[in-house]
Amino acid sequence: MDSPKLILLFSGKRKSGKDFVTSIIQQRLGGSSVCAILRLSGPLKEQYAKEHGLDFRRLLDASGYKEKFREDMIRWGEEKRNADPGYFCRLIVRDVPQPVWIVSDARRGSDVEWFRCRYQLQTRTVRVQASEQSRRERGWVYTAGIDDAESECGLDQGVAFDWTISNDSDGPLLEEQLERVLRVVRTACSSDTGPQGVQHQ
Ligand SMILES: Nc1ncnc2c1ncn2[C@@H]1O[C@H](COP(=O)(O)OP(=O)(O)O)[C@@H](O)[C@H]1O
Ligand SMILES: C[C@@](O)(CCOP(=O)(O)OP(=O)(O)O)CC(=O)O
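Cut-offs applied
- Residues numbered from 1 in each chain as written.
- Chains lettered and ligands numbered in written order.
- Predicted model: local features only at pLDDT ≥ 70, side-chain atom pairs only at ≥ 80, totals over all residues.
- Heavy atoms only, no water.
- UniProt positions renumbered as here; feature names shortened; annotations may be inferred.
- Helix = DSSP H or I, 4+ residues; strand = E, 2+ residues; numbered from the N terminus.
- Salt bridge = Lys/Arg side-chain N within 4 Å of Asp/Glu carboxyl O.
- Buried < 20%, exposed > 50% of the residue type's maximum accessible area, 1.4 Å probe, protein only.
- Near = heavy atom within 4 Å.
- Polar contact = N/O pair within 3.5 Å; in protein donor to acceptor, adjacent residues only side chain to side chain.
- Areas by Shrake-Rupley, 256 points an atom, 1.4 Å probe, with all protein chains shown as cover.
- Nonpolar A, V, L, I, M, F, W, Y, C, P; charged D, E, K, R; others polar.

An unreviewed UniProt entry lists the protein under the name Phosphomevalonate kinase, from Acipenser oxyrinchus oxyrinchus. The Catalytic activity (unreviewed entry) field of the UniProt record for the protein holds the comment "(R)-5-phosphomevalonate + ATP = (R)-5-diphosphomevalonate + ADP". Check the Function (unreviewed entry) section of the UniProt entry for the protein; it says "Catalyzes the reversible ATP-dependent phosphorylation of mevalonate 5-phosphate to produce mevalonate diphosphate and ADP, a key step in the mevalonic acid mediated biosynthesis of isopentenyl diphosphate and other polyisoprenoid metabolites."

Visitor: Go over unusual backbone geometry, please, and point to the residues and values.
Guide: With phi around 65 degrees, lysine 15 is a residue other than glycine that occupies positive phi space. If you trace the backbone, lysine 15 turns up in the loop between strand S1 (6–12) and helix H1 (18–28).

Visitor: How would you summarise the pattern of salt bridges if you had to cite specific residues and measurements?
Guide: Summed over the entire model, instances satisfying the criterion amount to 18 salt bridges. With a closest N to O distance of 2.5 Å, arginine 90 and aspartate 84 form a salt bridge. Aspartate 84 gets classed as partly exposed once you look at its relative accessible area, which sits at 22%. Ionic contacts of the salt-bridge type, sharing partners, join the residues Arg14, Glu67, Arg70, Arg107, Arg135, Asp147 and Glu152 into one network.

Visitor: Break down the site of ligand 2 for me, with residues and values.
Guide: Neighbouring ligand 2 are 14 residues, the closest being Lys18, Lys45, Lys66, Arg70 and Ser151. Here serine 41 contributes a side-chain N or O atom positioned 3.5 Å from an oxygen atom of ligand 2. The fraction of the free accessible surface of ligand 2 (460 Å²) that becomes covered by protein chains is 94%. At the level of secondary structure, the elements contributing two or more residues to the shell around ligand 2 comprise helix H2 (41–52) and helix H4 (65–83). For the shell around ligand 2, the element with the highest residue contribution is H4, accounting for five residues.

Visitor: If you had to explain the site of ligand 1 to someone new, which residues and values would you point to?
Guide: Taken together, Lys13, Arg14, Lys15, Ser16, Gly17, Lys18, Asp19, Phe20, Arg138 and Asn167 form the complete shell of residues around ligand 1. For ligand 1, an oxygen atom lies 3.3 Å from a polar atom in the backbone of serine 16. The contact in question runs from an oxygen atom of ligand 1 to an N or O atom on the backbone of glycine 17, over 3.0 Å. Summarising the interface, the protein chains cover 69% of the accessible area of ligand 1, which totals 560 Å² for the free molecule. Grouping the constituent residues of the shell around ligand 1 by class yields one nonpolar, three polar and six charged.

Right under this line is the structure:
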């Protein structure tokens, strides 16, 4: 099994900026050779697209395309997860050689538990927070059955996040907040023993 130095599990509501923030962190760490961005929704969308004759690449982007199928993809993914909560987690961690892993879309307690159970010392949690107004400006429209369901609310309670990043244009500077996370990642990467004893700030 590959053994990463550090795993950052990101969660946050739709349009909070999870992809935006994780991509900056990857760049700051030196790009994709150092830091892999893993998406639980990747294999989910791929298999769902195959079974339903959809355009997989378009399901991955931030346009409105994926929104047309979101509710049904959630239902489909939940069937898989109910049978096997680690199903998508196992798929995304196969053959990942980079020392830093970012999981950009943890949504359920079972996602966090899976990583903590297997990578207890390496796993850290990061919440991306944005106001409803910011999310609306980025294209979010409240949708019953999605925004009030586990896919969006599963981690609203029950996890003490190691960091919470505020991603609003009128909030604290993003770069300064990210620097706190980056410091810990760099320390873990430069230490021979991995993240043991590395404290978040
Ligand atoms: N701080 C920011 N500054 C500028 N644009 C942002 C910021 N955060 C998010 N966005 C934009 O908002 C949209 C939604 O962000 P995204 O990262 O896709 O959200 P999520 O992955 O949480 O659904 C994207 O087009 C993204 O580029
Ligand atoms: C069916 C999903 O995997 C779709 C997730 O798609 P994205 O991760 O692209 O969504 P946002 O970035 O939050 O907009 C959700 C799930 O419950 O598994």
